[in-house]
Amino acid sequence: GALASSFMWGRLVTSYWVWGRIADKYGRVLTLQVSLILSCLCSLGFGFATTFESALVWRGALGLSNALVGTTKTLASELTRRGDSNHDNVNTNNDNNTNAKGQVQERQAMSLIVGMRSWGYLLGPAIGGWLAEPIAQYCPKDDDTTTTTTNNDNTKRGWLCHSQILEDHPFLLPNLLVALLCAIAAIWTTLCITEPVTLPNEKPTRKQKPNHENEQLPLLAIVSDKSQNNNDSYSNDPDDCASSRPTQKPEGIRAIWSRSATRQHLWTHWITSFVVTMLDEGFPLFCLVPVASTISISGGGGGGGLGLNEAGIGTILSTAGLIFAALQYAVYIHVVDRIGLYPSIRRGCLWGLLPALLIPLSTFLLSKNPKSDDSSSLTWGAFWFLAVVLGGCKIMTCMFFTSLAVATNATVPRELRAQMNGLIVVGGSLSKGLGPLVVGALVSWAFSDRGIGTHADDTEYHQHGAGFAVFGTISLLGVLAWMFTWRLESSVANGE
């Protein structure tokens with residue numbers, strides 16, 4: 001837990017205050033290159049760590065050096081819409097304009113980014129498990145054999161079992177793979193990605209075109225025209241603000257937070273991230289709670305869960321992840337093309353969190369007579385019910401976050417976009433840090449003898465109420481987050 005949280009705290013510190021500002025001032029490509037190189041080095045340091053303290057330091061440094069989430073979302077928006085005339089605007093009417101192609105590609109790219117991260121979450125733990133502690137996993141112990149080991153036997157065991165480095169650093173191999181992938185990504189970024197925006201210290205190339213209208217005018221007319229332009233520089237229009245003189249526009253977080261539409265998009269993202277984290281962290285806790293029928297009422301313990309072990313929970317989550325990875329992209333593209341950007345935000349939020357109320361129904365599908373006391377009572381019906389519900393929730397919440405990322409990017413000018421995405425990561429990290437604490441306290445109370453899970457006169461069916469209390473609370477918070485989404489489109493339309 002401490003190792004995982006150190007990464008999140010490190011990312012929280014640098015996402016906006018370091019990487020967001022660097023990306024807006026020196027470029028998105030340079031930011032990715034530096035972040036990938038530092039991540040490569042920190043992964044090697046983490047793999048060679050020999051004490052918990054050193055591992056904690058390297059893991060925190062890995063979070064400090066991580067600028068991938070915010071920067072890739074910024075690049076996805078700018079690379080796909082680099083040639084659009086209304087790059088800083090978002091279309092809410094099903095893309096019926098001349099720049100529809102760029103906007104559609106932006107949504108597709110953002111959806112692919114989220115989908116690839118999900119594949120990483122699905123495959124990463126499995127690959128890491130195969131590579132971690134290779135000597136303990138794949139090499140027989142000497143004291144397990146009754147005969148003397150010969151030279152021929154040592155040869156058959158291979159170099160892996162005789163590697164002193166792997167014996168001293170059992171988690172080196174997965175971190176070597178991470179470092180290699182970071183190095184490949186850094187090279188790929190250098191060779192294949194060009195900077196999509198004009199940097200502050202560069203000459204304008206695309207959006208700011210040279211003014212040829214004054215070439216034949218007298219000098220006095222040119223000066224008069226420039227003076228008039230300077231007097232008009234205090235426009236409320238976002239595009240005018242983006243092209244005004246640097247000394248006359250707010251900078252950094254003040255410029256981002258001064259935009260009402262941006263604030264509402266950010267708050268919606270952070271609140272929903274908190275609720276989604278509660279769902280993601282609350283489900284495993286619910287699975288670990290013993291089933292109602294195995295609890296002694298007089299003993300004062302809580303019941304009403306699924307009574308699964310870590311392996312059973314992992315199987316359900318892996319199946320739900322496969323459903324999500326297989327259907328997420330196709331569902332997102334189809335829904336957004338049919339109903340538009342902001343309706344997909346509203347529906348993704350509602351139908352990504354409201355079905356959480358169905359999860360406790362799985363307790364009624366459990367086997368009443370397990371084969372043994374330590375065997376699982378989970379039936380195939382309960383298994384597929386949970387996998388489908390969780391996979392569907394993940395698909396819809398992914399739709400919400402993808403569309404919201406596209407919409408939020410359009411609420412700020414390009415020179416503030418990387419900082420804004422860094423601010424999203426900061427709030428998201430806080431939400432992911434608070435979510436487990438809140439849902440952990442909720443589950444502990446609901447399934448304890450002080451909650452509603454078990455009392456002296458409880459029946460088995462009354463114990464199921466604890467699960468509905470937990471996931472009903474999550475669903476209720478999801479409805480509240482959904483209510484926030486209804487003001488997003490109007491805030492953009494009104495130019496707030």
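See the structure shown above.
The model shown is predicted, which means the values in this text are computed figures rather than measured ones.

Analysis parameters
Residues numbered from 1 in each chain as written. Predicted model: local features only at pLDDT ≥ 70, side-chain atom pairs only at ≥ 80, totals over all residues. Heavy atoms only, no water. Helix = DSSP H or I, 4+ residues; strand = E, 2+ residues; numbered from the N terminus. Buried < 20%, exposed > 50% of the residue type's maximum accessible area, 1.4 Å probe, protein only. Contact = heavy atoms within 4.5 Å. Areas by Shrake-Rupley, 256 points an atom, 1.4 Å probe, with all protein chains shown as cover. Axes fitted to C-alpha atoms, helices over the stretch in contact; angles between N-to-C directions. Parallel < 35°, antiparallel > 145°, perpendicular 65-115°, else oblique. Left-handed = near helix turned anticlockwise from the far one by under 90°. Nonpolar A, V, L, I, M, F, W, Y, C, P; charged D, E, K, R; others polar. Disulfide = S-S within 2.5 Å. Phe/Tyr/Trp six-rings, centres within 6.5 Å; stacked < 30°, edge-to-face > 60°. Lys NZ or Arg CZ within 6 Å of the ring centre and 35° of its normal. 1 Å grid on protein atoms, 1.4 Å probe; cavity = no way out; pocket = protein on both sides within 12 Å on 5 of 7 lines; lining within 4 Å. Points joined across faces, edges and corners; volume = space filled by probe spheres on them. Expected span 1.5 Å × (residues − 1). Salt bridge = Lys/Arg side-chain N within 4 Å of Asp/Glu carboxyl O. Bend = angle between axes of the 7 residues up to and from the residue. Core = buried A, V, L, I, M, F, W, Y, C linked by side-chain atoms within 4.5 Å.

## Structural notes on the overall build of the chain
Line of reasoning, step 1. Summing up its helical and strand segments, the chain has 20 helices and zero strands in all.
Line of reasoning, step 2. Counting the 496 residues in the chain, one finds 45% classified as buried.
Line of reasoning, step 3. Long-range contacts, defined as pairs at least 24 residues apart, comprise 76% of the intrachain contacts of the chain with a sequence gap of at least 6.
Line of reasoning, step 4. When the accessible surface of the chain is summed, it comes to about 25600 Å², and 63% of that surface belongs to carbon and sulfur atoms.

## Some details on the packing of helix α13 (residues 260–288) against helix α14 (residues 310–339)
Line of reasoning, step 1. Where α13 meets α14, the axes come as close as 10 Å, and the angle between the chain directions of the two elements is 140°. In terms of orientation, α13 lies oblique with respect to α14. Note on packing geometry: the crossing formed by α13 with α14 is right-handed. Residues F283, P284, C287 and L288 of α13 form the contact with α14, whose participating residues are E310, I313, I316 and L317.
Line of reasoning, step 2. Along the lines of polarity and charge, the residues of the contact of α13 with α14 split into seven nonpolar, no polar and one charged.

## Things to note about the state of the cysteines
The bond known as a disulfide is covalent and runs between the sulfur atoms of two cysteines.
Line of reasoning, step 1. Within this structure, the stated rule accounts for one disulfide.
Line of reasoning, step 2. Across the disulfide from C139 sits C161; the S-S distance is 1.9 Å. Measuring the twist about the S-S bond at about -90°, one finds the C139-C161 disulfide to be left-handed. Of this pair, C139 sits in the loop between α6 (134–138) and α7 (151–157) while C161 sits in the loop between α7 and α8 (164–168), placing them 22 residues apart in sequence.
Line of reasoning, step 3. By relative accessible area, C139 is classed as buried at 9%.
Line of reasoning, step 4. Overall, C161 belongs to the buried group, its relative accessible area being 12%.

## Remarks on the packing of aromatic side chains
Line of reasoning, step 1. In total, this model carries ten aromatic pairs according to the counting rule given.
Line of reasoning, step 2. Both rings, one in W267 and one in W270, keep their centres 5.4 Å apart while their planes meet at 80°; by these two values the pair is edge-to-face. Taken as a pair, W267 and W270 lie in helix α13 at a separation of three residues, close to a single helical turn.
Line of reasoning, step 3. A relative accessible area of 13% places W270 in the buried class.
Line of reasoning, step 4. Residues F383 and W384 carry aromatic rings whose centres are separated by 5.3 Å and whose planes lie at 85° to one another, so their mutual orientation is edge-to-face.
Line of reasoning, step 5. F383 sits in the buried class, given a relative accessible area of 9%.
Line of reasoning, step 6. A network of ring pairs unites the aromatic residues W257, W267 and W270 as a single cluster.
Line of reasoning, step 7. The ring centre of F46 lies 5.9 Å from the NZ or CZ of R59, which sits over that ring.
Line of reasoning, step 8. Cation over ring: R346 sits above W486, and NZ or CZ is 4.4 Å from the ring centre.

## Comments concerning empty space enclosed by the protein
Line of reasoning, step 1. Overall, the coordinates contain two cavities of 30 Å³ or more when judged by the stated rule.
Line of reasoning, step 2. For the largest cavity, the calculated volume is near 100 Å³.
Line of reasoning, step 3. Broken down by secondary-structure element, the contributors of at least two residues to the lining of the largest cavity are α1 (2–26), α4 (68–80) and α17 (417–446).
Line of reasoning, step 4. In terms of residue count, α1 provides more of the lining of the largest cavity than any other element does, five residues in total.

## Considering helix α15 (residues 341–353)
Line of reasoning, step 1. Taking 1.5 Å as the rise per residue, α15 with 13 residues should run 18 Å; its terminal C-alpha atoms sit 19 Å apart, in good agreement.
Line of reasoning, step 2. Counting buried positions along α15 gives eleven out of 13 residues, so the element sits mostly inside the fold.
Line of reasoning, step 3. Residues of α15 that are buried include every one of L341, Y342, P343, S344, I345, R346, G348, C349, L350, G352 and L353, and no others.

## Observations regarding unusual backbone geometry
Line of reasoning, step 1. You will see that E133, though not glycine, has its phi angle at about 50°, which is positive.
Line of reasoning, step 2. Relative to the elements of secondary structure, E133 occurs in the loop between α5 (100–131) and α6.
Line of reasoning, step 3. The partly exposed category is assigned to E133, whose relative accessible area is 37%.

## A closer look at the pattern of salt bridges
Line of reasoning, step 1. Taken as a whole and assessed by the stated rule, the structure comprises four salt bridges.
Line of reasoning, step 2. Put simply, E489 and R346 hold a salt bridge, and the shortest N to O gap is 3.5 Å. Of this pair, E489 sits in helix α20 (residues 488–493) while R346 is found in helix α15, placing the two residues 143 residues apart along the sequence.
Line of reasoning, step 3. Exposure remark for E489: the relative accessible area of 23% places this residue in the partly exposed category.

## Regarding the environment of S367
Line of reasoning, step 1. Its location among the elements puts S367 in the loop between α15 and α16 (380–409).
Line of reasoning, step 2. Sequence spacing of S367 and T379 is twelve residues, and the spatial spacing of their C-alpha atoms is 6.0 Å.

## Some remarks on α13
Line of reasoning, step 1. With 29 residues, α13 ought to run about 42 Å at 1.5 Å a step, and its terminal C-alpha atoms sit 43 Å apart, in line with that.
Line of reasoning, step 2. Its maximal kink placed at G282, α13 deviates by approximately 25°, while the proline P284 follows within four residues.

## Some words on the nonpolar core
Line of reasoning, step 1. The biggest cluster of nonpolar side chains holds 58 residues, and the ones touching the most others in it are L279, I359, F447, V470, F471 and I474.
Line of reasoning, step 2. Of all the secondary-structure elements, those providing two or more residues to this core are α5, α13, α14, α15, α16, α17 and α19 (465–485).
Line of reasoning, step 3. The leading source of residues in this core is α16, at 16 residues.
Line of reasoning, step 4. Ranked by size, the runner-up nonpolar core spans twelve residues in total, among them W270, V412, L416 and M420.

The values reported here are purely geometric and, on their own, carry no functional implication.
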